[in-house]
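Secondary and tertiary structure notes
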Amino acid sequence: MTKRPVLVGACIAAITGIAYWAAVSGMTGGGEPWDAATYWTLVYPGALLLSAILGFAMPVRAWLWGPIVVFAQVPVVIAVAGAGPLLLAGVLYAAVLSIPAAVISGVAGWIRRRMRGAG
C-alpha cells in the first residue's frame, strides 16, 4: 500500500477540520472554539460527526481522521487568539478530546470496509 491515500486523507481531514473550527469560531463571535457556550452540546458532537463522516468516506486508516479534525482547533485558536501561555493546555485538551474522535472515525471506517466485503 502506498502512502498517497493516507496523505490525501490527512490533507482532506485537516482542511475540513480547519474549515469547521473556523466556522465555529466565526459563528460564536470570533473566539476560541473551545470557549463556545455550545461546545459540549453542539460543537464537539459536530466534530465527532464530521470525524465519522470522514472515516466512512475514507476507510483506509480511518482512525486518523478524527484526531486530525480535533487538533485542527489549534491553528484556529492561534489565528484567533495567538500563541499564548495557555496554548500548551489547549494542545493537551485537544489530545484528550481526540481519543473519542479516533474511535468514532475508526469504527466508521470499519463499518465501511465491512459493507464493501458484504457486497
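See the structure printed just above.
First things first, this report covers the structure right here in the doc. As the structure is a computational prediction, the values presented were derived from the model and not from experiment.

1. What about unusual backbone geometry?
In this structure, Arg61 takes a positive phi of about 55° despite not being glycine. Relative to the helices and strands, Arg61 resides in the loop between helix H2 (39-57) and helix H3 (65-71). Using a relative accessible area of 43% as the deciding quantity, one classes Arg61 as partly exposed.

2. So, the packing of aromatic side chains
Inspection of every chain in the model, using the stated rule, returns eight aromatic pairs. Summarising the aromatic geometry, the rings of Tyr39 and Trp40 are spaced 5.2 Å apart at their centres and angled 85° between planes, so their arrangement reads as edge-to-face. An angle of 90° between the planes, with centres 6.3 Å apart, marks the rings of Trp40 and Tyr93 as edge-to-face. Remark: Tyr93 occurs in helix H5 (residues 87-118) and Trp40 occurs in helix H2; sequence separation between them is 53 residues. Put simply, the rings of Tyr20, Trp21, Trp34, Tyr39, Trp40, Tyr44 and Tyr93 touch in pairs and so form one group of aromatic residues.

Conventions and cut-offs
- Residues numbered from 1 in each chain as written.
- Predicted model: local features only at pLDDT ≥ 70, side-chain atom pairs only at ≥ 80, totals over all residues.
- Heavy atoms only, no water.
- Helix = DSSP H or I, 4+ residues; strand = E, 2+ residues; numbered from the N terminus.
- Buried < 20%, exposed > 50% of the residue type's maximum accessible area, 1.4 Å probe, protein only.
- Phe/Tyr/Trp six-rings, centres within 6.5 Å; stacked < 30°, edge-to-face > 60°.

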